[in-house]
Amino acid sequence: MTTTTLSPVQHEKPVPTRSQPRPFGLVRHSLALARRSLIKTIRTPEQLLDVTLQPIIFVVLFVFLLGGAIAGDTHQYLQFLLPAILVQTVVFASVATGVSLNTDLKKGVFDRFRSLPIGRSAPLIGSVLGDLIRYVVATLSLTVCGLVLGFELVNGIVPALAAVVMTIAFAFCLSWAFVLLGMVLREPGAVQGVAFLTMFPLTFGTGMMAPVDTLPGWLQSWVQVNPVAHAMEAARGLMIGGPVATHVVWVAAWGLGLLAVFAPLAVRAYRRRT
Amino acid sequence: MTGAGRTLGGMEYAFEARGLVKRYGKTTALAGLDLSAPQGTVLGVLGPNGAGKTTAVRILATLLRPDEGRAFVGGLDVVKDAAKVRRLIGLTGQYASVDEDLTGMQNLVLIGQLLDLRKSEAVARATELLGEFGLADAGARQAKTYSGGMRRRLDLAASLVGRPDVIYLDEPTTGLDPSKRDDVWNIVRGLVKDGVTVLLTTQYLAEADALADEITVVDHGRSIAHGTPAQLKQIVGGQTILARPADPARLAETEAILTSVSGRPAESPSRGVVTVPVDGDAQFTEAVARLAQAGVSVTELSLRLPSLDEVFFTLTGQRATDEEAA
Ligand SMILES: Nc1ncnc2c1ncn2[C@@H]1O[C@H](COP(=O)(O)OP(=O)(O)OP(=O)(O)O)[C@@H](O)[C@H]1O
Ligand SMILES: [Mg+2]
């Protein structure tokens with residue numbers, strides 16, 4: 001421990017460098033706060049287990065356990081599964097923002113943010129942006145895992161990147177719903193619980209594991225409107241070939257709709273929660 | 001008082017709260033609280049657990065809306081002009097408000113950037129503050145590795161990044177050892193020299209006495225006494241010398257020496273301890289000398305102000321702590 005003598009705080013007088021409001025405050029403040037989230041994630045990498053190890057385990061399990069039964073051989077099944085599981089992982093990762101904000105809110109540091117002259121939405125936007133890193137890490141670890149197991153990018157790299165961008169953009173929009181949950185519910189555990197309940201129909205009510213036409217009728221009607229199912233089909237189309245355009249339209253419409261509804265609601269709930 | 005050329009819109013009070021009421025369900029946290037401090041002064045808000053100190057600070061810091069009453073900082077309404085008020089204030093909350101995963105430096109730079117400093121300015125300001133607060137060597141370490149005292153100092157530094165005119169310190173020394181407490185006291189004194197107005201909440205009369213120009217005693221969400229430390233001490237009793245002779249047989253002798261130093265009778269004696277009211281530090285020095293002369297060795301000898309409990313007992317006739325259950 002350091003022992004130090006303190007000199008009283010001496011501001012040179014007259015007090016000059018008082019900060020002046022500068023333009024684009026919301027953007028700058030949000031980015032500064034996003035950087036904070038990013039630093040926190042890097043300092044506690046164990047938070048990234050759910051976007052690194054977990055999806056890899058899923059891929060390996062599904063490919064070798066079900067591949068033979070569903071697709072006849074594991075390589076075929078890997079081609080079918082990987083784009084979809086990428087979407088599932090990234091979409092699942094969007095829950096974390098709500099959970100971590102809920103934890104953060106109780107700490108004094110959010111009181112400090114609230115006492116500063118920054119836009120009310122800046123801490124929320126900052127967290128959501130900072131968590132983009134989770135989506136990127138998820139994508140990278142699955143890609144590496146896929147390539148190791150022999151996944152082929154049939155259409156080349158650019159369409160695959162487009163699929164990743166689409167998926168991340170959708171997860172970004174969806175994460176606002178979980179931010180709202182994080183603002184409304186009391187405990188991080190509750191946020192996680194409720195979010196997972198909505199996640200299962202979203203990610204498993206899809207053609208992720210088996211072709212849609214093998215599903216029962218009622219499930220097929222859900223798949224037809226489920227944005228995550230469309231994102232999975234679009235990602236497949238882009239990575240291994242197949243229809244893309246209609247699926248992307250579905251994803252974009254849902255994404256913008258979710259953003260337009262949940263982002264303002266989340267900011268409002270944050271303002272109220274004092 | 002004008003300090004360092006600061007004027008808060010020419011207002012008489014740097015901050016002022018009138019009739020604040022805040023309820024949480026059935027609990028009334030504030031029941032019509034008034035608080036105010038002229039520019040460049042320290043207002044001590046003294047009260048037991050649950051008195052409403054933190055609630056009042058949070059309202060003045062724009063974190064909480066009062067149910068009734070109004071509060072102004074630099075003449076600006078904390079509810080209607082919250083955004084402008086936030087440019088004038090710095091807050092060190094009761095519970096550490098630094099980010100433990102960030103380094104000391106990163107914490108301060110972040111606050112600087114949120115206060116619209118350019119990156120280079122924010123780094124310069126952070127470096128300056130880390131130096132002033134004896135954290136220069138620890139600046140590159142995560143705050144979670146800091147000791148309690150260092151964390152408090154970082155917290156204080158963080159509330160000063162924007163050179164605020166009004167600073168709220170909510171129990172800044174609770175849980176600190178005496179030397180760390182002195183560090184914080186010196187920081188507060190330095191701020192006042194620069195013309196900053198400080199609201200300091202505390203549970204210790206001694207702390208309010210050491211720092212505050214005026215003290216408001218709060219209980220059950222309202223002010224039950226207000227005045228300068230001298231005025232308050234007149235009501236609740238000033239300093240006393242407490243002595244415990246090593247040899248209990250010399251109690252009477254000890255009492256005789258102390259009463260002759262102070263010229264006042266001893267307070268009702270209790271097991272092996274003599275307590276005598278005195279008029280100032282000088283008499284304490286004299287008492288120490290006279291006891292030594294007489295060869296009376298003591299196991300305990302102190303100059304003390306009434307505890308919060310004693311203050312409350314005098315002011316309300318009730319113990320401060322019986323409220324916890326309510
Ligand atoms: N968010 C809240 N919900 C419910 N009750 C609350 C809340 N915040 C404060 N209270 C209640 O309001 C009263 C005043 O609390 P406050 O924290 O202002 O006291 P305090 O003087 O700061 O106490 P301490 O010295 O323990 O910090 C207490 O009875 C407390 O239980
Ligand atoms: Mg408190």
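Residues numbered from 1 in each chain as written. Chains lettered and ligands numbered in written order. Predicted model: local features only at pLDDT ≥ 70, side-chain atom pairs only at ≥ 80, totals over all residues. Heavy atoms only, no water.

Here we look at the coordination of the magnesium ion (ligand 2)
Residue and element names in this part refer to chain B.
So, step 1. Taken together, Thr54 (OG1) and Gln94 (OE1) make up the full set of protein donors to the magnesium ion (ligand 2), lying 1.8 to 2.0 Å away. Taken as a pair, threonine 54 in helix 1 (residues 53–60) and glutamine 94 in the loop between strand 6 (89–92) and helix 3 (104–114) lie far apart in primary sequence, 40 residues in all.
So, step 2. You can call glutamine 94 partly exposed: its relative accessible area is 21%. (Donors = N, O, S within 2.8 Å, 3.2 Å for Na, K, Ca; no water. Helix = DSSP H or I, 4+ residues; strand = E, 2+ residues; numbered from the N terminus. Buried < 20%, exposed > 50% of the residue type's maximum accessible area, 1.4 Å probe, protein only.)

Let's talk about the site of ligand 1
All names here are of chain B.
So, step 1. Not every one of the 14 residues close to ligand 1 is listed here, only the nearest: Gly50, Lys53, Thr54, Thr55 and Glu171.
So, step 2. Glutamine 94 places a side-chain nitrogen or oxygen 2.8 Å from an oxygen atom of ligand 1.
So, step 3. For ligand 1, the protein covers 64% of the area, taking 640 Å² as the surface of the free molecule.
So, step 4. Of all the elements in the fold, those that place two or more residues in the shell around ligand 1 are strand 2 (27–38) and helix 1.
So, step 5. Sorting elements by how many residues they give to the shell around ligand 1 places helix 1 first, with 3 residues.
So, step 6. Here the residues of the shell around ligand 1 sort into 4 nonpolar, 8 polar and 2 charged. (Near = heavy atom within 4 Å. Polar contact = N/O pair within 3.5 Å; in protein donor to acceptor, adjacent residues only side chain to side chain. Areas by Shrake-Rupley, 256 points an atom, 1.4 Å probe, with all protein chains shown as cover. Nonpolar A, V, L, I, M, F, W, Y, C, P; charged D, E, K, R; others polar.)

Let's talk about the packing of aromatic side chains
Each aromatic ring pair is specified by the distance between its two centres and by the angle formed by the two planes.
So, step 1. Applying the stated rule across the entire model yields 8 aromatic pairs over all chains.
So, step 2. Ring plane angle 85° and centroid distance 5.1 Å describe the contact between A:Phe92 and A:Phe196, whose orientation is recorded as edge-to-face. In this pair, A:Phe92 sits in helix 3 (residues 74–93) while A:Phe196 sits in helix 9 (residues 188–204), placing the two residues 104 residues apart along the sequence.
So, step 3. On the basis of relative accessible area, A:Phe92 is assigned to the buried category, the value being 18%.
So, step 4. Given a relative accessible area of 27%, A:Phe196 falls into the partly exposed group.
So, step 5. For the ring pair B:Phe15 and B:Tyr168, a centre distance of 6.2 Å and an interplane angle of 70° mean the geometry is edge-to-face. (Phe/Tyr/Trp six-rings, centres within 6.5 Å; stacked < 30°, edge-to-face > 60°.)

So, to be careful, I would describe these as geometric facts and stop short of saying anything about function.
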